[in-house]
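# Summary of structural features
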Amino acid sequence: MSVLHLLTLFLLVAVSGAKFSGRPGVNYGQLGDNLPSPSDSVKLIQSLNAKRVKLYDANPAILAALNATDITVSVMDPNELLVNISKSSSLSDEWITSNILPFHPTTKIRYLLVGNEILSSTDSELKSALVPAMRKIQRSLKKLGVKKVKVGTTLAVDVLETSFPPSSGEFRSDISGSVMKPMLQFLNRTKSFLFVDVYPYFPWAQDPAHVDLAYALFESTNVTVTDPATNLTYHNLFDQMIDAFVFATSRLGYPDLRIWVAETGWPNNGDYDQIGANVYNAATYNRNVVKKLSAVPPVGTPARPGKVLPSFIFALFNENQKTGPGTERHFGLLHPNGSRVYEIELSGETTEFKEKLPAPENNEVYKGKIWCVVAKGANWTQLGEALSYACSQGNNTCDPIKSGGPCHKPDLTVLHASYAFSSYWASFRKTGGTCSFNGLATQTIKDPSKLWTLRVSERDTVTTNELRQCREDIGLGGKTAHDDLLESTWQQKKHAVPFVVLAGSHKLCPLYPPNPEVLLNELRSPSELLDFGEFSDCLDFGLGSGSPLLQVVNPTFDSVGPTKPC
């Protein structure tokens, strides 16, 4: 064999190895109102040593920022266009012309995903349109001369009807023959990948009593699972989940179809009822999955040992506008300000990290009481619709806050919404109801009937921090332009603090809506500023308990605290 032939063979192997490196990329989601600019985000991606990035659209500003970098890119055709694209070659051509041609090839677009988790939808028309849309997009790419771009789509694990043991892996009967078989045929013919989302966090969190946490985190030293049909032994949950897809594709006649992990990760925070969502577990999982996937030579899985498994870690940022449980907003490797949530990089070259991780505090189910209330910073103009939804679900959820009810307070939408959110969640939590309401609600372990009180009977001043805390406790945010003025005013008025609280979770602090007839330096007792007759039902000695629902803590009205909620 000639030297030139050997050199050519070496280069081909090197190029092939680089193209299909197991080094993980990162998912770049954009559902946040405080995220860095595309150009700054690309720099952050590079700082993580990521060589691949997956977008959930074809954002032109991001594709422009990725121009002339060495980062390969996966873009996505949005779900809402699929049905129309599946029926129209011209619309498919138009989408490629508008979204791909302006950037390809200088921006290294290599994968085009048609929709995101379409087969988890209940929309039968959308599911039926998926493979035809993939074919249309593939033909448009070829027609318009776009080369080196593979077409695929992402699948969640719920496309599997069975997944344990892995050898029993099988696609759902409603999609197996009608959607999955033609899809696998298309992916095999075009030499593309089956893109799957694999999150060991979720099966562990759903059954922590029977799924070992260390097994889910790649940390197990004494827990293994042996598949009785194949005798393959598994040392972590990730491999087990991947191989369920391997056997499912084999069952339909495609045993060698390549798999790409479109999403994997672990949440660094979440709601009080979400077990194991913490920085320690997130760092442990993601560091270990990077180590596994970037190993040279590749490790593979028990069903496919030694095979490269390309992947994307979810996600680049914590995204504050994602809906659903709190974990949805806390999968990021980075905070929106660009700082790392914990030390990590994606090359796999770093094996030791200097920082000491905070000890996990929620690896067991929280057993205390949890309430669902209006979130801090919630858009009050949107509360009405959420309130209506919570009250329309039956179970007499909102009877106490209806007109004539014991806790009805006209014009107090925040109070009503917090009551409705908690009541709704208590009624429907076990059947899938969440404390989210499109980001307007949040969980709390502080009893909302225990009102924030300000005790200054022994002091001459109220500090700015106390004002800020008051505002934050009722969802108004932090310091305002009035805080300094209010602080200095209090310093001149010993004990004269117009701080009023109402029953339930609603409170008023000195920053009540301004009255032009009451200047900021005219501080009066609560009774002069607010008509207590409006809340007479809460002041009565009522409900047969023999005790008032509201109690005056001291005669100078420094604070008013409840003995029980309205």
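Structure: see above.
So, a few notes on the structure that sits alongside this text. Since the model is a prediction, treat every value here as computed from it, not as a measurement.

Moving on to the nonpolar core. Within the largest apolar cluster, 97 residues are counted, with the highest numbers of intra-cluster contacts made by Leu112, Met180, Met183, Leu194 and Phe238. At nine residues, the largest contribution of residues to this core is made by helix H10 (residues 237–251). Among all residues touching leucine 112, those that are not within four sequence positions of it are Val75, Asp77, Trp95, Ile96, Ile100, Ile137, Leu141, Val149, Lys150, Val151 and Gly152. Membership of the second largest hydrophobic core comes to 22 residues, among which are Leu383, Val414, Phe421 and Cys435.

This next bit is on the environment of leucine 237. Here leucine 237 shows up in helix H10. Separated by 38 residues in sequence, leucine 237 and tyrosine 199 place their C-alpha atoms 9.1 Å apart. Once you skip the residues sitting within four places of it in the chain, leucine 237 turns out to touch Pro200, Pro203, Trp204, Val211, Tyr215 and Ala216.

Here we come to the pattern of salt bridges. Any two side chains of opposite charge can pair if their charged atoms end up close together. By the definition in use, this model includes nine salt bridges. With its nearest N and O atoms 2.8 Å apart, the salt bridge here joins arginine 172 to aspartate 174. Accessibility expressed as a relative area gives 16% for arginine 172, which makes it buried. Two residues, arginine 287 and glutamate 355, come together in a salt bridge whose shortest N-O distance is 3.4 Å. Of this pair, arginine 287 sits in helix H11 (residues 279–293) while glutamate 355 is found in the loop between strand S14 (311–313) and strand S15 (371–374), placing the two residues 68 residues apart along the sequence. Arginine 287 sits in the buried class, given a relative accessible area of 16%. By sharing partners, the salt bridges in this structure join Lys127, Arg172 and Asp174 into a single network.

Strand order in the closed barrel formed by eight strands is S1-S2-S3-S4-S5-S8-S11-S14, with parallel pairing between adjacent strands. Averaged over all pairs of adjacent strands, the angle between strand axes in this sheet comes to 25°, irrespective of strand direction. Summarising the sheet, strand S4 (residues 109–116) and strand S5 (residues 150–155) pair through four bridges and their orientation is parallel. From the neighbouring strand, asparagine 116 faces S5, where its bridge partner is threonine 154.

Rules and cut-offs
Residues numbered from 1 in each chain as written. Predicted model: local features only at pLDDT ≥ 70, side-chain atom pairs only at ≥ 80, totals over all residues. Heavy atoms only, no water. Core = buried A, V, L, I, M, F, W, Y, C linked by side-chain atoms within 4.5 Å. Buried < 20%, exposed > 50% of the residue type's maximum accessible area, 1.4 Å probe, protein only. Helix = DSSP H or I, 4+ residues; strand = E, 2+ residues; numbered from the N terminus. Contact = heavy atoms within 4.5 Å. Salt bridge = Lys/Arg side-chain N within 4 Å of Asp/Glu carboxyl O. Pairing = 2+ DSSP bridges. Axes fitted to C-alpha atoms, helices over the stretch in contact; angles between N-to-C directions.

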